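Summary of structural features
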Amino acid sequence: MERGSGWMAKRERVALRHGYRCAACDRVLMPGAWECDHIVPREQGGSNAESNLQPLCKDPCHREKSAREAHQRAKG
Ligand SMILES: [Zn+2]
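Since the structure is predicted, the reported quantities are computational estimates derived from the model, not experimental observations.

Here the focus is the coordination of the zinc ion. For a metal bound by four donors in a tetrahedral arrangement, the ideal donor-metal-donor angle is 109.5 degrees, while six donors in an octahedral arrangement ideally sit at 90 or 180 degrees. The protein atoms donating to the zinc ion are Cys22 (SG), Cys25 (SG), Cys57 (SG) and Cys61 (SG), with metal-donor distances spanning 2.2 to 2.4 Å. Here the zinc ion binds four donor atoms, and the angle range of 99 to 125° at the metal identifies the geometry as tetrahedral. The motif formed by the donor residues of the zinc ion, counted along the single chain, is C-x2-C-x31-C-x3-C. In this pair, cysteine 22 is assigned in the loop between helix H1 (5–17) and strand S1 (34–38) and cysteine 57 in strand S2 (residues 53–57), connecting sequence segments 35 residues apart. The buried category is assigned to cysteine 57, whose relative accessible area is 7%.

Evaluation of the coordinates by the stated rule reveals five salt bridges. The network of salt bridges with common partners includes Asp37, Lys65 and Glu69.

Let's shift gears to the packing of aromatic side chains. Scanning all chains against the criterion turns up zero aromatic pairs. In this arrangement the basic side chain of arginine 11 is found over the ring face of tryptophan 34, its NZ or CZ atom lying 4.2 Å from the centre.

Let us now look at the UniProt feature "domain: HNH nuclease" (unreviewed entry) in the protein. Per the UniProt record, "domain: HNH nuclease" (unreviewed entry) is found at residues 9–63. The straight-line gap between the two end C-alpha atoms of residues 9–63 is 23 Å; of that span, 27% is helix and 18% is strand.

Here we take up helix H2 (residues 58–75). Along an α-helix, a turn takes 3.6 residues, which lines up residues three or four apart on a common side. With 18 residues, H2 ought to run about 26 Å at 1.5 Å a step, and its terminal C-alpha atoms sit 24 Å apart, in line with that. Among the residues of H2, Cys61, His62, Lys65 and Glu69 are the ones counted as buried. Here the buried residues of H2 occupy an arc of 85° about the axis, which is enough to place them on one side. Turned more than 90 degrees away from the buried face of H2 sit His71, Ala74 and Lys75, all of them exposed. Where H2 is buried, its residues contact S1 and S2. Residue glycine 76 follows H2 closely and has a positive phi angle near 85°.

What counts as what
Residues numbered from 1 in each chain as written. Predicted model: local features only at pLDDT ≥ 70, side-chain atom pairs only at ≥ 80, totals over all residues. Heavy atoms only, no water. Donors = N, O, S within 2.8 Å, 3.2 Å for Na, K, Ca; no water. Tetrahedral: all angles 85-135°; square planar, octahedral: opposite > 155°, others 65-115°. Helix = DSSP H or I, 4+ residues; strand = E, 2+ residues; numbered from the N terminus. Buried < 20%, exposed > 50% of the residue type's maximum accessible area, 1.4 Å probe, protein only. Salt bridge = Lys/Arg side-chain N within 4 Å of Asp/Glu carboxyl O. Phe/Tyr/Trp six-rings, centres within 6.5 Å; stacked < 30°, edge-to-face > 60°. Lys NZ or Arg CZ within 6 Å of the ring centre and 35° of its normal. UniProt positions renumbered as here; feature names shortened; annotations may be inferred. Expected span 1.5 Å × (residues − 1). Arc of directions from axis to C-beta. Contact = heavy atoms within 4.5 Å.

If you want it as structure tokens, here you go:
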């Protein structure tokens, strides 16, 4: 995944756009406890554009989304 200061700045903009709240459960994002999620997964052709990014709590929102995506991959 893309890293570095550019990515951190992008994360900040994504969080700001969502009012520093989780896009799934609307809880306030805590530093270090949320992740920048690709709405359309990279492996499904999703881009790194900010329009394809959303802030999610690490747990459970991002964990559950990742599990769902893994399940869908398994089904094929
Ligand atoms: Zn959440």
